[in-house]
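# Structural overview for review
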Amino acid sequence: MSLNKVILIGNVGKDPDVRYFDSGSAVANFPMATSERGYTLSNGTVVPERTEWHNIVVRRDQVQFVEKWVKKGSMVYVEGKIRTRTYDDQNGIKRYLTEIHADRVEFFSSGRPADSGTQSATTTTTAQQPTQNQPSTAYTQQPVQQNPTLEGNSSEDDLPF
């Protein structure tokens, strides 16, 4: 058994490039940066920040979301697969290109305030999509009441459900 799954959280490097085809399908491409913070070891050695760039490819129903909402600087969550393809450049040299074919693209919030351009897009999509973290005011937990007819009978199950 094998698994090809990638999860990335990072910033979009430029506005997505969206292309439509005669067949009605569309594809969106954009670069995404992920960074590891720099740090200092106990012996004083400084390890600098490291940034990796990823080529993201989006197809199917996610293209409309990416085209409308994802912009340069947006922080996004991307889930997909790694795909590598080869091609020959103008000089006949074989080149390799590694891409992330996204199955899922969503905004990601780190809890820090975003700039005004990203904030308006995030606020709009949040209004359309319910979040799991909001407390529900419609449900209040009531204490489980014992059934007085079952308390003295040991052969009966006294579970509340």
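The sections below set out a description of the structure shown in this document.

Scanning the chain from terminus to terminus reveals 2 helices and 8 strands. Across the chain, helices and strands are ordered from the amino to the carboxyl terminus as β-β-β-β-β-β-α-β-β-α. Expressed as a percentage of its 161 residues, the buried residues of the chain come to 25%. Long-range pairs, those at least 24 residues apart, make up 57% of the contacts in the chain with a sequence separation of at least 6. Accessible area of the chain: about 12700 Å², with a carbon and sulfur share of 48%.

Before going further, it helps to examine the pairing of strand β7 (residues 75-88). One ladder, built from 6 bridges, connects strand β1 (residues 6-12) with β7; its direction is antiparallel. If you follow G10 over to β7, its bridge partner there is V76. The pairing of β7 with strand β8 (residues 94-107) spans 13 bridges and is antiparallel. Within β8, the position partnered with R85 by the bridge is L97. Hairpin connection of β7 to β8: 5 residues between the antiparallel strands, including G92 at a positive phi of 80°.

Looking now at the pattern of salt bridges. A full pass over the atoms with the stated rule returns 9 salt bridges. Look at the salt bridges and you will find they share partners, linking K5, E79, R104 and E106 into a network.

Looking at where V66 falls in the secondary structure, it is placed in helix α1 (residues 62-69). Here the alpha-carbon distance between V66 and N29, two residues 37 residues apart in the chain, equals 9.3 Å.

Take unusual backbone geometry next. With glycine set apart, most residues show a phi of negative sign, and most peptide bonds adopt trans. In the Ramachandran plot, R60 falls in the positive-phi region, its phi being about 60° despite a non-glycine side chain. Take R60: it is sitting in the loop between β6 (50-59) and α1. Look at R60 and you get exposed, because its relative accessible area is 61%.

Going through the model one piece at a time under the given rule, you end up with 1 aromatic pair. Arranged with centres 5.6 Å apart and planes meeting at 70°, the rings of F65 and F107 form a pair that is edge-to-face. With F65 in helix α1 and F107 in strand β8, this residue pair connects regions lying 42 residues apart in the sequence. We note that F65, like F107, is buried.

Among the nonpolar cores identified, the biggest contains 20 residues, and I56, V58, V66, V78 and V105 are the most heavily contacted of them. At the level of secondary structure, the elements contributing two or more residues to this core comprise β1, β3 (26-36), β6, α1, β7 and β8. Beyond its immediate stretch of four places on either side in the chain, V78 contacts V6, I7, L8, M32, I56, I100, A102, R104 and V105.

Once that is clear, we can look at the pairing of β1. Bridge count for β1 against β3 is 2 bridges, and the pairing is antiparallel. The residue bridging N11 from the neighbouring strand is A33, located in β3.

To continue, consider the environment of N29. Inspection of the secondary structure puts N29 in strand β3. C-alpha of N29 to C-alpha of V58: the two residues are 29 residues apart in sequence and 6.3 Å apart in space. Setting aside residues up to four positions removed in sequence, N29 forms contacts with P16, D17, R19, I56 and V57.

Rules behind the numbers
- Residues numbered from 1 in each chain as written.
- Predicted model: local features only at pLDDT ≥ 70, side-chain atom pairs only at ≥ 80, totals over all residues.
- Heavy atoms only, no water.
- Helix = DSSP H or I, 4+ residues; strand = E, 2+ residues; numbered from the N terminus.
- Buried < 20%, exposed > 50% of the residue type's maximum accessible area, 1.4 Å probe, protein only.
- Contact = heavy atoms within 4.5 Å.
- Areas by Shrake-Rupley, 256 points an atom, 1.4 Å probe, with all protein chains shown as cover.
- Pairing = 2+ DSSP bridges.
- Salt bridge = Lys/Arg side-chain N within 4 Å of Asp/Glu carboxyl O.
- Phe/Tyr/Trp six-rings, centres within 6.5 Å; stacked < 30°, edge-to-face > 60°.
- Core = buried A, V, L, I, M, F, W, Y, C linked by side-chain atoms within 4.5 Å.

Bear in mind that shape data such as this cannot, by itself, settle questions of function.
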